[in-house]
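Summary of structural features
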Amino acid sequence: MTYSLAEIQHQFGQALRYQNQGERCHIASDHFSSEQRIQIYRNNFVISVIDVLKATYPLCEALVGDSCFEQLARQHALSFPPTSGDITTYGKGFEQTIIQFPSVLEAAPYLPDMAKFEWCFDATHAQRQSTLPASFQPLTALPNVEESQHSQLVFLLKTHIVMFQSDFALFTLRQAIQSGQLDGLDIHRPESGFVRHLEDGSLETQIVSAPCYALLDCFIQHSPLGAIAPDLLAHLNTLIELDVIAGFSIHES
Amino acid sequence: MNHPPIHDKVGVGLRTPHLDYFSQSQPKLTWLEIHSENYFQAESVSRRQLEAIRNDYQISCHGIGLSLGSVEPVNQLHLSQLKQLIDDIDPFLASDHLSWSQTGGHYFNDLLPLPYTEEALEVFCRNVITVQDYLHRPLLIENPSSYLKYEHSTISEWEFLAEVQRRTDCRLLLDFNNIHVSAFNHGFDAAHYLAGIPADKVDEIHLAGFTIKQLEQGEIWIDTHSKPVSEEVWQLFQAWTLQHGARHTLIEWDLDIPEPKVLIDEARKASQILLDIEPSARKVS
């Protein structure tokens, strides 16, 4: 009897995700059952994807421990398998899997946000590939802009910056995990800031005040200065000092 | 201790934990092999390290994600990313596997076995031709290790692989460890497998280690790339190269990755075998 390749691959894919048995994959069985043989491939698939998630979410793993993380990652691998052969980009939405585990949420309510925070670290790489608009001018050209055009200025952020905020003190928690100094940490404190990769490839996180964060958000929305509240603009120098602004363009009204 | 130079056909797999080592120490090898997909992101740190390493080494791009055996067409995004990498890195070899990984929009990150049927042969050849046409270069196809066979396969793996080569004019990458592992798992003779492969189409050889998994009903061998090359695989390699001559030969190690020295020592063993078989025409770096 013959079976189509499409059917074989469909059944095999289902079996890898425990959605059917090896017997439906038309595997020749001998002293090992077809279920035992396909279990080897299930293990390869799940373990390899868990390893990818461990590489993307090391802080989450550090927070819940290896065993718990592997259960979360296994669930994610089976519910949301990779869709691309470029496995380095896999793992988005891990927080959606975490929230399906009430006991984990009870013990570590900040874990979904930590997963989102860690995903930002990968997202900054992707952003580096975007380019600034043709109308972009560097900050050094700012003195050449006529005063009548100041309200039309649109500040552009450097392309490798991703903003992040949480009801938990995750920027501080990250530093605490890395330094091994968790004593005295008040996790129930909102924090906001940004993540960026530096030229040497290292990762930097920076906490900013709520008004600074709001101003950053205005710049991401490409709001001209005239449309931004003056109390927020008072924080412009802080952002310039943090070296997050790449330059500006003039908004055509 | 002074070692003789490593034969210029012997390379090792470049893995993430060793990127700094190869960037900074530059051991005397002529080539390294990468897993192509790990370097698709043009702005990643590892990609930039690879570009620096490329100044000192030839690179072979070894893919694990084309899913050439999938009944679905080759993923165009994946193909374009591979071409971009190849255009940037200018590898001397580009390869992937006799396997499939993708179905129904899901990618399973493993080299899954094909049924060896006429339909699968047509699908596989269609996809190889698509890739070769797109890349404007021949692809090397590697024999997989496998842990199961299908009831309805009509030919052997080596017959299937040889026919793929004949129909697509691709080149071949022979993994001796995979042959050794599959020979045990499926009860065939590795020498019989090798006799069915057109040696003049083989451009590369892989050597790696495997793990024995003990189940209640018996052993099954798993191609883990986590140990030194076994003595039996060295013997297969020696016998084949003695008969057919040296090919680009790679030491692969993907799990429980050791210190670079262990990898280099394995490369020295391969090098010595190649030096021994061609004493009159030693080609060393």
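Residues numbered from 1 in each chain as written. Chains lettered and ligands numbered in written order. Predicted model: local features only at pLDDT ≥ 70, side-chain atom pairs only at ≥ 80, totals over all residues.

**Quick notes on the overall build of chain B**
Along its length, chain B carries nine helices and 12 strands. Relative to its length of 285 residues, chain B is compact, with a C-alpha radius of gyration of 18 Å against a globular reference of 19 Å. Dimensions of chain B along its principal axes, counting C-alpha atoms only, are 55 × 40 × 40 Å. Expressed as a percentage of its 285 residues, the buried residues of chain B come to 50%. Taking as baseline every contact in chain B between residues at least 6 positions apart, the subset at least 24 positions apart corresponds to 76%. (Helix = DSSP H or I, 4+ residues; strand = E, 2+ residues; numbered from the N terminus. Rg over C-alpha atoms; globule rule 2.2 N^0.38 Å. Buried ≥ 20, exposed ≤ 12 C-beta atoms within 10 Å, placed from the backbone. Contact = placed C-beta atoms within 7 Å.)

**Regarding the domain arrangement of chain A**
What the domain assignment reports for chain A is domain 1 (1–108) and domain 2 (126–253). Inter-centroid distance (C-alpha atoms) of domain 1 of chain A to domain 2 of chain A is 38 Å. (Domains from an automatic or database assignment.)

**Some thoughts on the packing of helix H8 (residues 231–244) of chain B against helix H9 (residues 260–277) of chain B**
Residues and elements named next belong to chain B. Where H8 meets H9, the axes come as close as 10 Å, and the angle between the chain directions of the two elements is 30°. Taken together, the axes of H8 and H9 lie roughly parallel to each other. Where H8 crosses over H9, the handedness of that crossing is right-handed. On the side of H8, the interface is formed by Trp234, Phe237, Gln238, Thr241 and Leu242, while H9 contributes Lys269, Ile273, Leu274 and Ile277. Considered class by class, the residues forming the contact of H8 with H9 number six nonpolar, two polar and one charged. (Axes fitted to C-alpha atoms, helices over the stretch in contact; angles between N-to-C directions. Parallel < 35°, antiparallel > 145°, perpendicular 65-115°, else oblique. Left-handed = near helix turned anticlockwise from the far one by under 90°. Nonpolar A, V, L, I, M, F, W, Y, C, P; charged D, E, K, R; others polar.)

**Details of the sheet that holds strand E5 (residues 203–208) of chain A**
Residue and element names in this part refer to chain A. Ordered in space as E3-E4-E5, the three strands form an open sheet in which the pairing is antiparallel. The open sheet has two edge strands, strand E3 (161–166) and E5, and neither has a second partner. Each strand axis lies, on average, 25° off the axis of its neighbour in the sheet, ignoring direction. Bridge analysis of E3 against strand E4 (residues 191–197) gives six bridges, and the strand direction is antiparallel. Along E4, the bridge assignment pairs serine 166 with glutamate 191. Where helix H8 (residues 170–179) meets the sheet, it contacts E3, E4 and E5, and its direction lies at approximately 55° from that of E4. Helix H9 (residues 210–220) rests against E3, E4 and E5 of the sheet, and its axis sits at about 135° to E3. (Pairing = 2+ DSSP bridges.)

**Some points on the interface of chain A and chain B**
In this complex, chain A contributes 38 residues to the contact, which on the side of chain B involves 44 residues. Where the side of chain A that touches chain B is concerned, the elements lending two or more residues are helix H1 (5–16), helix H2 (34–56) and helix H7 (111–128) of chain A. The element best represented in the side of chain A that touches chain B is H2(A), accounting for nine residues. Here the residues of the side of chain A that touches chain B are counted per class, giving 18 nonpolar, 17 polar and three charged.

**What about the sheet that holds strand E4 (residues 93–97) of chain B?**
Residue and element names in this part refer to chain B. Spatially, E1-E2-E3-E4-E7-E8-E9-E12 is the arrangement adopted by the eight strands of the closed barrel, whose pairing is parallel. Going across the sheet, the axis of each strand differs from the next one's by a mean of 30°, ignoring polarity. Across three bridges, strand E7 (residues 140–142) lies against strand E8 (residues 171–175) in parallel orientation. By the bridge assignment, glutamate 142 is partnered in E8 with leucine 173. The strands touched by helix H6 (residues 176–186) within the sheet are E8 and strand E9 (202–207), with E8 carrying the most contacts at an inclination of about 60°.

**Quick notes on H1(A)**
All names here are of chain A. Between the first and last C-alpha of H1 there are 16 Å, a value that for 12 residues agrees with the 16 Å anticipated at 1.5 Å per step. For H1, the full list of buried residues reads Leu5, Ile8, Gln9, Gln11, Phe12, Gly13, Ala15 and Leu16. After H1 finishes, the residue tyrosine 18 shows a positive phi value of roughly 60°. (Expected span 1.5 Å × (residues − 1).)

**Concerning unusual backbone geometry**
Not every positive phi belongs to a glycine, and A:His26 is a case in point at roughly 60°. Along the chain, A:His26 falls in the loop between H1 and H2. Accessibility expressed as a C-beta count within 10 Å gives 20 for A:His26, which makes it buried. A positive phi angle is found at B:Asn109, which is not glycine, with a value near 50°. Relative to the elements of secondary structure, B:Asn109 occurs in strand E6 (residues 106–112). The class for B:Asn109 is buried, based on 26 C-beta atoms found within 10 Å.

**So, the packing of H6(B) against H8(B)**
Residues and elements named next belong to chain B. Direction vectors running N to C along H6 and H8 enclose 120°, while the axes themselves pass 9 Å from each other. Considering their axes alone, H6 and H8 lie oblique with respect to each other. At the point where H6 passes H8, the crossing takes the right-handed sense. Residues Phe176, Asn177, Ile179 and His180 of H6 pack against Glu232, Val233, Leu236 and Phe237 of H8. In terms of residue class, the contact of H6 with H8 is built from five nonpolar, two polar and one charged.

**Topic: helix H4 (residues 66–79) of chain A**
The α-helix winds at 3.6 residues per turn, so residues separated by three or four positions along the chain end up facing the same way. All names here are of chain A. Helix length check: H4 (14 residues) gives 20 Å between terminal C-alpha atoms against 20 Å at 1.5 Å per residue, within 8%. Among the residues of H4, Phe69, Leu72, Ala73, His76 and Ala77 are the ones counted as buried. Around the axis of H4, the buried residues are gathered within 135° of arc, so they sit on the same side. Exposed and facing more than 90 degrees away from the buried side of H4 are Ser67 and Ser79. Elements in contact with the buried residues of H4: H2, helix H3 (58–64), helix H5 (94–98) and helix H6 (102–107). (Arc of directions from axis to C-beta.)

**Quick look at the environment of B:Leu173**
All names here are of chain B. Topologically, leucine 173 is positioned in strand E8. Judged by the 26 C-beta atoms lying within 10 Å of it, leucine 173 falls in the buried class. Note: C-alpha distance between leucine 173 and glutamate 204 (31 residues apart in sequence) is 4.7 Å. In this view, leucine 173 contacts Ser95, Leu140, Ile141, Glu142, Asp203, Glu204 and His206; residues no more than four positions away in its chain are not counted.

**So, the confidence of the model for chain B**
Residues and elements named next belong to chain B. Here chain B shows a mean pLDDT of 94. Residues at 70 or above account for 97%. Low pLDDT, under 50, characterises residues 280–285; the predicted model gives this stretch 11 contacts beyond four residues in sequence or across chains. Scoring the predicted complex yields pTM 0.90 and, for the interface, ipTM 0.92. (pLDDT = per-residue confidence, 0-100.)

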